[in-house]
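What follows is each chain in one-letter form.
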Amino acid sequence: MLALYRKYRPKTLSDIFGQETVVEILKNAARLNRLAHAYLFYGPKGSGKTTTARIIAKIANCEKRQQDEEFKKLGEPCNQCRSCLEIDKGLAVDVIEIDAASNRGIDEIRNLKESIRVSPANSYYKVYIIDEAHQLTREAFNALLKTLEEPPAHAILILVTTEIEKMPATIVSRTQRFQFRKLSLNKIIEKLKNIAAAEKIKINDGALELIAAAGGGSLRDAESLLDQVVSLTTQTNAEINQAQTNADDARTNAENNKSQTNADSPTKIFEKNLGGQAWTNPEKIPRSSVIRAEDVERILGQ
Ligand SMILES: [Zn+2]
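These figures come from a predicted structure and were not determined experimentally.

(A) Region of interest: the coordination of the zinc ion. The zinc ion binds to the protein through Cys-62 (SG), Cys-78 (SG), Cys-81 (SG) and Cys-84 (SG); the donor distances cover 2.3 to 2.4 Å. Counting along the primary sequence, the residues that act as donors to the zinc ion give the motif C-x15-C-x2-C-x2-C.

Next comes the structure, spelled out in structure tokens:
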């Protein structure tokens, strides 16, 4: 199954949840074709920064926007052209994502310095998204600074960070900055409710509140937790069938044993044979029942 957070990842600026100010400003820039060459998106994890960066990459390179003036005025990507689809699949050669946390970005930034000068292969813009940008080394920041001083016309750099205070002021001052806010508990509950409804997940409000709270303000973490809770509390059809077969076998055994002299009563044998089967397993509850706060508590406590 596709992870919920991936399945429900926003595909347009309007889909970005709980960041109205950021969305409005970026959409206006897109409408007017005035995207900046360097952005800094900062704020807590799971607030939509990297997702927004990818949407900006799509807007910059959307083919429909280049051909359709009316569509361009919407300030959104079309999500249907070759470029939009490639970016969604992570296959666009001109959209380069660098994770500064993985090796502190020295080689990547060195490569960036050279490659950013080269025109895009088959897009309008080369877009560099640098995740966890605060983790770059001083050497990498220095290399980046040179690029930010004179970004080529065909390039857009988007720095993403949870810790803007660790970014050098010289870098910060050369970017257009957007603060992403921590989502409120109510906002996260609202989004989880929408997902549960769309996925036909039976879950009560108390359970959703617990999941939202455990996410600690990160929508992505809350969505992943909902995923876990659903998979741990829901039996698959195969498991239900297996449990049914075992119950039938147990009943037959119990019937057969009735005539024999046996220390165990039929009921006892019946219970024995069912022991550990899915539908008596306390870790699982049947699909037909509603996921309750107690179920979530039990999973969180594990
Ligand atoms: Zn498009």
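(B) Structural context of the pairing of strand β4 (residues 155-161). Burial analysis of β4 places seven of its seven residues in the buried class, the great majority of the element. Bridge analysis of strand β1 (residues 38-42) against β4 gives five bridges, and the strand direction is parallel. Bridge assignment links Tyr-42 to a residue of β4, and that residue is Thr-161. In terms of handedness, the path from strand β3 (residues 126-131) via helix α9 (residues 138-149) over to β4 forms a crossover that is right-handed.

(C) Representation of the packing of aromatic side chains within the structure. The tally for this structure, following the rule as stated, stands at four aromatic pairs. A centroid spacing of 5.9 Å and a plane angle of 45 degrees characterise the contact between Tyr-39 and Phe-178, whose relative ring orientation is tilted. Taken together, the residues span a long stretch of sequence, with Tyr-39 in strand β1 and Phe-178 in strand β5 (residues 176-179) at a distance of 139 residues. Of the two residues, Tyr-39 and Phe-178, both sit in the buried class. Here Phe-41 and Phe-178 contribute two aromatic rings whose centre-to-centre distance is 5.9 Å and whose plane-to-plane angle is 80 degrees, an arrangement assigned as edge-to-face. Remark: Phe-178 occurs in strand β5 and Phe-41 occurs in strand β1; sequence separation between them is 137 residues. Each residue in the set Tyr-39, Phe-41, Phe-178 and Phe-180 is aromatic and connected to the rest through ring pairs, giving one cluster. Against the face of Phe-71 rests Lys-64, its NZ or CZ located 5.3 Å from the ring centre. The ring of Phe-17 is capped by Lys-191, whose NZ or CZ atom sits 5.6 Å from the centre of that ring.

(D) Expanded view of the pattern of salt bridges. Taken as a whole, this structure holds 22 salt bridges when the rule is applied. In this structure, Arg-54 and Glu-97 form a salt bridge, with 2.6 Å as the shortest nitrogen-oxygen distance. With Arg-54 in helix α3 (residues 49-61) and Glu-97 in strand β2 (residues 95-99), the pair connects residues that are 43 residues apart, well separated along the chain. Residue Arg-54 is classed as partly exposed on the basis of its relative accessible area, which comes to 23%. The exposure class of Glu-97 is partly exposed, given its relative accessible area of 40%. Asp-205 is the partner of Lys-193 in a salt bridge, and the nearest nitrogen-oxygen pair spans 3.7 Å.

(E) Examining the nonpolar core more closely. One finds Leu-26, Leu-35, Tyr-39, Phe-41 and Ile-158 to be the most contacted residues of the largest nonpolar core, which totals 27 residues. Broken down by secondary-structure element, the contributors of at least two residues to this core are α2 (20-31), β1, α3, β3 and β4. For this core, the element with the highest residue contribution is α3, accounting for six residues. Sequence-distant contacts of Ile-158, defined by excluding residues within four places in its chain, comprise Tyr-39, Phe-41, Ala-53, Ile-56, Val-127, Tyr-128, Ile-129 and Ile-130. The next biggest cluster of nonpolar side chains, apart from the first, holds 24 residues, and it includes Ala-100, Ile-116, Phe-141 and Val-172.

(F) Structural view of helix α6 (residues 82-89). Looking at α6, one finds that the buried residues are Ser-83, Cys-84 and Ile-87. Looking down the long axis of α6, one finds its buried residues gathered within 100 degrees of arc, a one-sided arrangement. As for α6, its buried residues are in contact with α3, α4 (63-67) and β2. Backbone geometry just downstream of α6 places Gly-90 in the positive-phi region, at approximately 75 degrees.

(G) Highlighting the environment of Glu-209. With respect to the helices and strands, Glu-209 occurs in helix α12 (residues 205-214). Measuring from C-alpha to C-alpha, the distance between Glu-209 and Leu-192 comes to 9.2 Å, with 17 residues separating the pair along the chain.

(H) Structural view of the confidence of the model for the protein. Averaged over every residue, the pLDDT of the protein is 85; the share at 70 or more is 80%. Ignoring residues within four places in sequence, the model shows residues 259-282, a span with pLDDT below 50, making 24 contacts including any to other chains.

(I) Seen up close, the sheet that holds β1. One open sheet holds the five strands; their spatial order is β2-β3-β4-β1-β5, and the pairing between them is parallel. Edge positions in the sheet fall to β2 and β5, since each has one partner strand and no second. Direction aside, neighbouring strands of the sheet carry axes that sit 15 degrees apart on average. Relative to the sheet, α3 contacts β1, β2, β3 and β4, its axis offset from that of β4 by approximately 170 degrees.

(J) Region of the structure containing α9. Its twelve residues place the ends of α9 16 Å apart at the C-alpha level, agreeing with the 16 Å of an ideal helix rising 1.5 Å per residue. Against the buried residues of α9 lie β1, α8 (106-115), β3, β4 and α10 (169-172).

The rules behind these values
Residues numbered from 1 in each chain as written. Predicted model: local features only at pLDDT ≥ 70, side-chain atom pairs only at ≥ 80, totals over all residues. Heavy atoms only, no water. Donors = N, O, S within 2.8 Å, 3.2 Å for Na, K, Ca; no water. Buried < 20%, exposed > 50% of the residue type's maximum accessible area, 1.4 Å probe, protein only. Helix = DSSP H or I, 4+ residues; strand = E, 2+ residues; numbered from the N terminus. Pairing = 2+ DSSP bridges. Right-handed = clockwise from strand over helix to strand, strands pointing away. Phe/Tyr/Trp six-rings, centres within 6.5 Å; stacked < 30°, edge-to-face > 60°. Lys NZ or Arg CZ within 6 Å of the ring centre and 35° of its normal. Salt bridge = Lys/Arg side-chain N within 4 Å of Asp/Glu carboxyl O. Core = buried A, V, L, I, M, F, W, Y, C linked by side-chain atoms within 4.5 Å. Contact = heavy atoms within 4.5 Å. Arc of directions from axis to C-beta. pLDDT = per-residue confidence, 0-100. Axes fitted to C-alpha atoms, helices over the stretch in contact; angles between N-to-C directions. Expected span 1.5 Å × (residues − 1).

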